[in-house]
Amino acid sequence: MQKDNIVVNKSFDFALAIIELYRVLNNEKEFIISKQLLRSGTSIGANILKATVAFSKKDFIYKMSIASKEAR
């Protein structure tokens with residue numbers, strides 16, 4: 001059984017907030033920025049989840065750096 005991972009939990013909550021913001025922007029007819037925001041905001045959590053099952057420390061660092069870039 002895996003213990004709670006605060007980074008995974010926070011990235012999941014962030015993705016939910018991004019999805020809600022996407023819906024608001026989409027309703028305001030802001031399509032281009034909202035789509036990019038949705039892609040980058042949800043990919044943070046996806047990359048963090050990939051990092052949690054990395055094959056090596058080097059692989060973990062690489063995947064977390066991708067998540068960091070998306071967050072910036």
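Below you will find a few notes about this structure.

What counts, and at which threshold
Residues numbered from 1 in each chain as written. Predicted model: local features only at pLDDT ≥ 70, side-chain atom pairs only at ≥ 80, totals over all residues. Heavy atoms only, no water. Helix = DSSP H or I, 4+ residues; strand = E, 2+ residues; numbered from the N terminus. Axes fitted to C-alpha atoms, helices over the stretch in contact; angles between N-to-C directions. Parallel < 35°, antiparallel > 145°, perpendicular 65-115°, else oblique. Left-handed = near helix turned anticlockwise from the far one by under 90°. Contact = heavy atoms within 4.5 Å. Nonpolar A, V, L, I, M, F, W, Y, C, P; charged D, E, K, R; others polar.

**Remarks on the environment of Lys35**
- Structurally, the position occupied by Lys35 is in helix α2 (residues 31-52).
- Residues Lys35 and Ala67, spaced 32 residues apart in sequence, show a C-alpha to C-alpha distance of 18 Å.

**Some remarks on the packing of helix α1 (residues 6-27) against α2**
- Packing of α1 against α2 brings their axes to within 9 Å, and their N-to-C directions diverge by 165°. One way to sum up the angle between α1 and α2 is to call them roughly antiparallel. Crossing hand, α1 versus α2: left-handed. From α1, Val7, Val8, Ser11, Phe14, Ala15, Ile18, Ile19, Leu21, Tyr22, Leu25 and Asn26 reach across to α2, where they touch Phe31, Ser34, Lys35, Leu37, Leu38, Gly41, Thr42, Ile44, Gly45, Ile48, Leu49 and Thr52.
- Across the contact of α1 with α2, the residue classes tally to 15 nonpolar, 7 polar and 1 charged.

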